[in-house]
Amino acid sequence: MEVKKIEALPHQLATLQALTSYKNVAMICGVGSGKTFTLALFLLTEVKRAMEQGDTSTGIISAMSYGQLRRSVLTEVFKCMTEWGIDFQYNQQQSLLTLGGVKKFFCVSAEKGSVDRVRGINAGSIVIDEACYIAQESYSTLMGRVRDRAGSGRCLLTSSPAGFNWVYDMFVGEKHDPKNYKLVTASTRNNTYISEDFYDRMAENLDKKGIEQELEGAFVSRSGGQAYYQFDRMRNVKEVPYNGQLGYIGMDFNVDPFTAVIGLYDAGKIYIFDEIYMTGGSDTYMMAAELKRRGYGSFKVVADSTFSNRKTSGKSDKRILEGAGFECMPFRNPFVIDRVTNMNRLFAQDCVIIDPKCKKLIRDLEQVTFKDNGQLDGSNRELTHISDALGYMSFKLNPIGVSIKKRAFTISR
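Residues numbered from 1 in each chain as written. Predicted model: local features only at pLDDT ≥ 70, side-chain atom pairs only at ≥ 80, totals over all residues. Heavy atoms only, no water.

Draft legend 1. The overall build of the protein chain, seen in detail. Secondary structure assignment for the protein chain yields 13 helices and 18 strands. Projecting the C-alpha coordinates of the protein chain onto the three principal axes gives extents of approximately 80 × 45 × 40 Å. Across the 413 residues of the protein chain, 53% fall into the buried class. In the protein chain, 72% of the contacts between residues at least 6 apart in sequence involve partners at least 24 apart. A total of about 19500 Å² of accessible surface is found on the protein chain, and carbon and sulfur atoms cover 48% of it. Measuring between centres, the 53 positive side-chain charges of the protein chain sit 4 Å from its 47 negative side-chain charges. (Helix = DSSP H or I, 4+ residues; strand = E, 2+ residues; numbered from the N terminus. Buried < 20%, exposed > 50% of the residue type's maximum accessible area, 1.4 Å probe, protein only. Contact = heavy atoms within 4.5 Å. Areas by Shrake-Rupley, 256 points an atom, 1.4 Å probe, with all protein chains shown as cover. Lys, Arg positive; Asp, Glu negative; His and termini not counted. Charge placed at Lys NZ, Arg CZ, Asp CG, Glu CD.)

Okay, structure coming up:
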């Protein structure tokens, strides 16, 4: 029996290896990094499984549009199968691809309306190309089909990133389940088979963020300058042990969400080990009760200084907290730019460490941006509030030496 050797790049091999241990793998890379080739390799492993284990399930191949499915995905798959000596037949009327005479794949667009065609299918695996550009609703519909026990149950997403969207949330952010979801990343430069000047030619037509997203395969915010640009998961996110010490509460008085961060302060460093993110029209009484329920009733509160005026049921929020037994530290709101600058200083100096379970806070720090006028972008009502709470606490405990409010500067990040 002839054995054909197929060479894979390190990130392509890492993706295939991850699929042996994880149900869901996302290969998020720069353009031209060999994503579709990896998709074809995954299909080949599914053919091998059918031949060796009798897998009779039907797989699903999807993409963000029929045009992309035909011109990009299937064209590459046909090319690869021809080079690898694998027979294939494609029934265009039924959108059914058969590989090696044993493994069938239903090919469908993830476009709204088209994706409903898979609702009656029981599938054994799925691969979605350019997954970052499809709607989460379509992804959920497609994933709901992967339930045939005869199949591998594996899901491969290949894509270039598209900002901090649902793919980011599932494979990196607040919804990430490390036991079942694995992210593999690579730069366009990692593909040694493309022309040497491809990266540079592409970079000439992109701005800094475009290069990071389209060529480096990084999740970046494209809506404006990232506010907390010095925040780095690798450096600023670590487990923070809590052994019952007295600490501090940073609080932002917004009705929905009502947020707080809880942490310790030692030798100039702030350690955040818990967060509270209340929605649905919560009030100060509810926040006080939740803090006490978690055992933080003796912690000192650093809050938005407007809490001395804001009224809840006839009392100021400050009076409500004090009535519940909390010590409210005197505090005057700094200028927003000073507060943000102070946070970036502390992140750069490794003076703020955040426990990975504080997912809402981490999401905020990565996704809050500046508008063109230099103000924080509050168009997404879920963002800015919990990072504000951290900013108040940090400015009280370790403030920047001087105000930069009146300095002339340009935000270019």
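So, next bit.
Draft legend 2. Structural view of the pairing of strand β12 (residues 269-278). Burial analysis of β12 places eight of its 10 residues in the buried class, which makes it a mostly covered element. As paired strands, strand β11 (residues 258-266) and β12 are joined by nine bridges and run antiparallel to one another. Along β12, the bridge assignment pairs T259 with Y277. Where β11 hands over to β12, the hairpin turn is made up of two residues, of which A267 adopts a positive phi near 50°. (Pairing = 2+ DSSP bridges.)

Draft legend 3. Spatial organisation of the sheet that holds β12. What the six strands build is an open sheet, ordered β16-β13-β10-β11-β12-β17; its pairing is mixed. Only two strands of the sheet have a single neighbouring strand rather than two, namely β16 (327-328) and β17 (352-354). Examined bridge by bridge, strand β13 (residues 300-303) and β16 share two bridges and lie parallel to one another. Paired with K300 across the strands is E327, a residue of β16. Against the sheet, helix α12 (residues 359-367) touches β11, β12 and β17, its axis set at about 105° to β12. (Axes fitted to C-alpha atoms, helices over the stretch in contact; angles between N-to-C directions.)

Draft legend 4. A look at the packing of helix α11 (residues 336-348) against helix α13 (residues 385-397). Packing of α11 against α13 leaves a shortest axis separation of 9 Å and a crossing angle of 80°. Our classification of the angle between α11 and α13 gives roughly perpendicular. From α11, D338, R339, N342, M343, L346 and F347 reach across to α13, where they touch D388, L390, G391, Y392, S394 and F395. Among the residues making up the contact of α11 with α13, the classes are represented as six nonpolar, three polar and three charged. (Parallel < 35°, antiparallel > 145°, perpendicular 65-115°, else oblique. Nonpolar A, V, L, I, M, F, W, Y, C, P; charged D, E, K, R; others polar.)

Draft legend 5. Main features of the nonpolar core. Core analysis: the largest hydrophobic core is formed by 36 residues, its most contacted members being Y228, I272, F347, I354, L361 and L390. Of all the elements in the fold, those that place two or more residues in this core are β12, α11, β17, α12 and α13. With seven residues, α13 is the largest single contributor of residues to this core. Among residues more than four places away in sequence, those in contact with Y228 are R339, V340, M343, N344, F347, L365, V368, S387 and D388. (Core = buried A, V, L, I, M, F, W, Y, C linked by side-chain atoms within 4.5 Å.)

Draft legend 6. Representation of the packing of aromatic side chains within the structure. The full count for this structure, using the stated rule, is 15 aromatic pairs. Taking the centre distance of 5.9 Å and the plane angle of 70° together, the rings of F273 and Y296 count as edge-to-face. With F273 in strand β12 and Y296 in the loop between α9 (284-293) and β13, this residue pair connects regions lying 23 residues apart in the sequence. Side by side, F273 and Y296 carry an identical accessibility label, which is buried. Between F331 and Y392, the aromatic rings sit 5.9 Å apart at their centres with planes inclined by 65°, giving edge-to-face as the arrangement. (Phe/Tyr/Trp six-rings, centres within 6.5 Å; stacked < 30°, edge-to-face > 60°.)

Draft legend 7. Region of interest: the sheet that holds strand β2 (residues 58-63). In spatial order, the strands read β3-β4-β5-β2-β6-β7-β1-β8; together these eight strands make up an open sheet with mixed pairing. Each edge of the sheet is formed by a strand with only one pairing partner; in this case those strands are β3 (88-91) and β8 (181-186). The average undirected angle you get between the axes of adjacent strands in this sheet is 20°. Note: strand β1 (residues 24-29) against strand β7 (residues 155-159), five bridges, orientation parallel. Across the sheet, N24 pairs through a bridge with C155, a residue of β7. The strands touched by helix α3 (residues 66-84) are β2, β3, β4 (96-99), β5 (103-109) and β6 (123-129); relative to β5, the strand with the most contacts, the crossing angle is about 155°. Relative to β6, helix α4 (residues 136-143) is tilted by about 155°, and along the sheet it contacts β1, β2, β5, β6, β7 and β8.

Draft legend 8. Local environment of α13. Look at α13: 19 Å from first C-alpha to last across 13 residues, which is about the 18 Å you get at 1.5 Å a residue. Of all the 13 residues making up α13, 12 are buried; the element is thus mostly covered by neighbouring parts of the structure. The complete set of buried residues in α13 reads H385, I386, S387, D388, A389, L390, G391, Y392, M393, S394, F395 and L397. (Expected span 1.5 Å × (residues − 1).)

Draft legend 9. Looking closely at the environment of A260. Here A260 is to be found in strand β11. With 129 residues separating them along the chain, A260 and A389 place their C-alpha atoms 5.9 Å apart. Beyond its immediate sequence surroundings of up to four residues, A260 is in contact with I249, G250, M251, E275, I276, M287, I386 and A389.

Draft legend 10. Molecular detail of the environment of V255. With respect to the element layout, V255 can be found in the loop between β10 (248-252) and β11. A C-alpha to C-alpha distance of 6.6 Å links V255 and D283, two positions 28 residues apart in sequence.

Function-wise, these values are silent; they only describe arrangement.
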